[in-house]
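Close look at the chain arrangement
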Amino acid sequence: MKMTAFAAVSSIALFSASSVLANPEAEVLHWWTSGGEAKSVAVLQQEFADNGGTWTDMPVAGGGGDAAMTALRARVLAGNAPTAVQLKGPAIQEWYEEGVLADISSVAEAEGWADVLPASIADHMKCDGTWCAAPVNVHRVDWIWANTDVLEANDIEMPTSWDEFNAAAEKLMAAGVIPLAHGGQAWQDATVFEAVALGILGADGFRKAFVELDEATLTSDEMIAVFDQMRTMRGFVDPNFSGRDWNLATAMVMNGEAAFQIMGDWAKGEFMAAGKVPGEDFLCASTPGDGFLYNVDSFAMFDVDGEDKKAGQDLLAKLIVGESFQEVFNLNKGSIPARTDVSLDAFDSCALLSSADMQASSDNGSLLPSYAHGMALRGAQSGAITDVVTAHFNSDMSSAEAVAQLAQAVANSY
Ligand code: BGC
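Per chain, residue numbering runs from 1 following the sequence as it is written. Only residues with pLDDT of 70 or above have their local features reported here, since the model is predicted, and side-chain atom pairs are shown and tallied only from 80 upward, although totals for entire chains, interfaces and linings are computed over all residues. Heavy atoms from the whole structure form the basis of all side-chain values; hydrogens and water molecules are not counted.

1. Overview of unusual backbone geometry
What counts, and what does not: We count a stretch as a helix when DSSP gives it H or I for four or more residues in a row; a strand needs E for two or more, and each element gets its number in order from the N terminus. Partly exposed describes any residue whose relative accessible area lies between the buried limit of under 20% and the exposed limit of over 50%, with all areas from a 1.4 Å probe on protein chains only and scaled to the type maximum.
At Asp128, a position not held by glycine, the phi torsion is positive, near 50°. Turning to its location among the elements, Asp128 is positioned in the loop between strand S4 (126-127) and strand S5 (130-131). The exposure class of Asp128 is exposed, given its relative accessible area of 69%. Not every positive phi belongs to a glycine, and Leu213 is a case in point at roughly 55°.

Here it is as structure tokens:
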């Protein structure tokens with residue numbers, strides 16, 4: 001009898017102690033598994049641990065995050081959502097509509113996020129006016145990376161038009177160098193495609209096609225020219241491109257096997273993790289054409305039970321948008337901070353170019369969400385476009401046929 005009374009009293013004491021002094025814990029689902037990505041996420045793990053948090057890592061390999069999103073769906077359907085998930089763009093609102101996201105407005109308000117984030121980024125983090133995600137960075141997608149020595153040895157400048165790119169590639173092929181390091185995975189095909197599309201359609205055309213899904217633009221002669229350029233570029237990749245991971249393509253540029261890669265600036269994270277120096281070992285330039293395709297990584301918190309998990313979500317959200325984390329993380333990741341008040345003194349010339357171009361494109365209306373990285377469209381629509389892009393790249397489909405299929409796929413995706 002005495003024992004039972006004692007047990008009851010101590011469990012009440014324990015319960016109240018834990019609800020007041022929760023031990024923050026988080027199971028974090030993400031797809032940051034390459035060299036540069038792993039170094040970056042380690043920064044967050046360390047800060048979380050330094051602040052008393054216990055981190056359970058749930059990495060799901062696969063660039064672009066398709067595999068991670070499949071794993072997420074399985075977990076949520078099983079009624080066992082992870083605490084925090086790398087999630088971005090309209091997918092945040094899609095999960096919110098399913099009623100499974102936690103509201104992190106109290107952290108956002110206490111930390112004054114509205115004052116330090118540009119409206120273009122903050123808008124992606126809101127669901128019906130509440131804060132439902134925390135932004136980590138701004139990645140730019142429309143970049144071209146090059147091996148400095150290879151360009152010099154072949155007397156080639158960074159291309160400023162697609163014609164110049166094609167001429168450089170022909171010259172490199174004649175010299176026995178692979179012009180374009182590419183990994184034949186659907187999301188990588190889409191990444192190259194949207195950079196080409198921005199260059200050829202221009203910012204307004206890109207917006208009409210991949211934000212507004214305007215049928216006339218999707219079937220225009222300019223869109224045919226975009227697929228023509230993709231067909232030309234198919235001739236510039238090596239025979240083993242199929243299925244290759246993006247970071248292995250970056251390694252081909254690093255070691256001089258290939259001259260160029262068209263990829264977002266997470267590729268810079270790979271160069272940096274390997275000790276390469278921008279401007280010396282490798283070069284960065286925006287792909288030919290005007291505009292800026294942004295891709296903002298963010299984390300959403302899922303509705304979970306337990307004081308420790310809720311405390312973990314609050315701590316994680318606070319740290320992610322914190323000034324120090326945004327600096328150190330982005331120095332490793334290749335991106336620039338989402339916060340506008342973080343000093344860029346420690347950042348390299350590629351990051352400074354990104355920041356200046358982002359500001360200029362925001363001012364002149366050419367700052368655009370990346371469709372290939374899930375910032376512009378809902379999953380059904382972006383998936384429909386990517387299916388056509390990759391089918392075209394991996395077959396002898398004509399550009400006219402690709403454009404017809406594009407319009408049809410988009411129409412069927414609603
Ligand atoms: C993400 C990056 C990531 C890249 C490759 C992109 O969609 O935004 O953070 O490094 O995919 O995995």
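Still to come is the rest of the account.
2. Let's talk about the pattern of salt bridges
Side-chain pairing between opposite charges can occur once the charged atoms of the two side chains come close. The cut-off we apply is this: A carboxyl oxygen of Asp or Glu within 4 Å of a side-chain nitrogen of Lys or Arg is what we treat as a salt bridge.
Tallying each qualifying case throughout the model produces 10 salt bridges. The partner of Arg75 in a salt bridge is Glu27, with the nearest N and O atoms 2.8 Å apart. One end of the pair, Arg75, is in helix H3 (residues 66-77); the other, Glu27, is in strand S1 (residues 25-30), and 48 residues separate them in sequence. Overall, Arg75 belongs to the buried group, its relative accessible area being 15%. Of the charged contacts in the structure, one is a salt bridge between Glu97 and Arg378, with a shortest N-O distance of 2.8 Å. Of this pair, Glu97 sits in helix H4 (residues 90-97) while Arg378 is found in the loop between strand S15 (367-369) and helix H18 (379-393), placing the two residues 281 residues apart along the sequence.

3. A few points about the packing of helix H10 (residues 186-210) against H18
Axis angle and axis distance: for two packed helices, these are the angle between their axes and the distance between the axes, and together they describe the pair. Spelled out, the test is: Each axis is a line fitted through C-alpha atoms, and for a helix only the stretch in contact is used; angles between axes span 0 to 180 degrees, taken between their N-to-C directions. The sense of a crossing depends on the near helix, which, turned anticlockwise from the far helix by less than a right angle, makes the crossing left-handed and, turned clockwise, makes it right-handed. Whether two residues touch is decided by their heavy atoms; if any such pair falls within 4.5 Å, the residues are in contact. Classification convention: Asp, Glu, Lys, Arg as charged; Ala, Val, Leu, Ile, Met, Phe, Trp, Tyr, Cys, Pro as nonpolar; all other residues, Gly among them, as polar.
Running from N to C, H10 and H18 cross one another at 115°; their axes reach a closest spacing of 10 Å. Our pair here, H10 against H18, has a crossing hand that is right-handed. Residues Ala186, Asp189, Ala190, Phe193 and Phe210 of H10 form the contact with H18, whose participating residues are Ile385, Thr386, Val389, Thr390 and Phe393. For the contact of H10 with H18, the residue count by class is seven nonpolar, two polar and one charged.

4. Some points on the confidence of the model for the protein
Detailed reading of the predicted coordinates is not advisable wherever pLDDT falls low. As a reminder of what qualifies: Residue-level confidence of the predictor is summarised by pLDDT, bounded by 0 at the bottom and 100 at the top.
Scored by pLDDT, the protein comes out at a mean of 95, with 95% of its residues at no less than 70. A low-confidence stretch, residues 1-19 (pLDDT under 50), is modelled with two contacts involving residues beyond four sequence positions or located in other chains.

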